[in-house]
Amino acid sequence: MKLLWNNTRRIERFLRKQLSLKSQALSAQQLQTDPAYATDVLAQQRTYHLLTLLGRRQLKREIQEVERKVLQEHPTLEQEITAIFR
């Protein structure tokens, strides 16, 4: 389990370019020569991408909810804002 955790941390640091130049180069070489490592890197990249998308969707929902509440409390606000930008 510890080996898996260390590998995950190393891949994370590789993807974020937080390794030394030598370690970054070694990881890039391993990516080309080790199919299991390449699969792990790809899986971690996809996971980060999905988490980013989910975070954006959640943020969008929260912003829309705030917008809905503000417009309920101030029904003419949308018209006033639109008038400013005409």
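What you see is a predicted model; the values in this text were computed from it and never measured.

On to the packing of helix H2 (residues 21–33) against helix H3 (residues 35–73), then. Where H2 meets H3, the closest approach of the two axes is 6 Å, and the angle between their N-to-C directions is 110 degrees. In this view, H2 runs roughly perpendicular relative to H3, as classed from their interaxial angle. Residues Ser 27, Gln 30, Leu 31 and Thr 33 of H2 form the contact with H3, whose own contacting residues are Pro 35, Tyr 37, Ala 38 and Val 41.

Enumeration over the complete set of coordinates arrives at 3 salt bridges. Between Arg 16 and Glu 12 there is a salt bridge, and its shortest N-O distance comes to 3.6 Å. Relative accessible area serves as the criterion here: at 49%, Arg 16 is assigned to the partly exposed category. One salt bridge connects Glu 65 with Arg 68, and the closest N-O pair in it is separated by 2.4 Å.

A few words on the nonpolar core. Ile 11, Phe 14, Leu 19, Tyr 37 and Val 41 together form the largest nonpolar core, which totals 5 residues. For Phe 14, the contacting residues outside a window of four places in its chain are Leu 19, Gln 24, Ser 27, Ala 28, Leu 31 and Tyr 37.

The rules behind each value
Residues numbered from 1 in each chain as written. Predicted model: local features only at pLDDT ≥ 70, side-chain atom pairs only at ≥ 80, totals over all residues. Heavy atoms only, no water. Axes fitted to C-alpha atoms, helices over the stretch in contact; angles between N-to-C directions. Helix = DSSP H or I, 4+ residues; strand = E, 2+ residues; numbered from the N terminus. Parallel < 35°, antiparallel > 145°, perpendicular 65-115°, else oblique. Contact = heavy atoms within 4.5 Å. Salt bridge = Lys/Arg side-chain N within 4 Å of Asp/Glu carboxyl O. Buried < 20%, exposed > 50% of the residue type's maximum accessible area, 1.4 Å probe, protein only. Core = buried A, V, L, I, M, F, W, Y, C linked by side-chain atoms within 4.5 Å.

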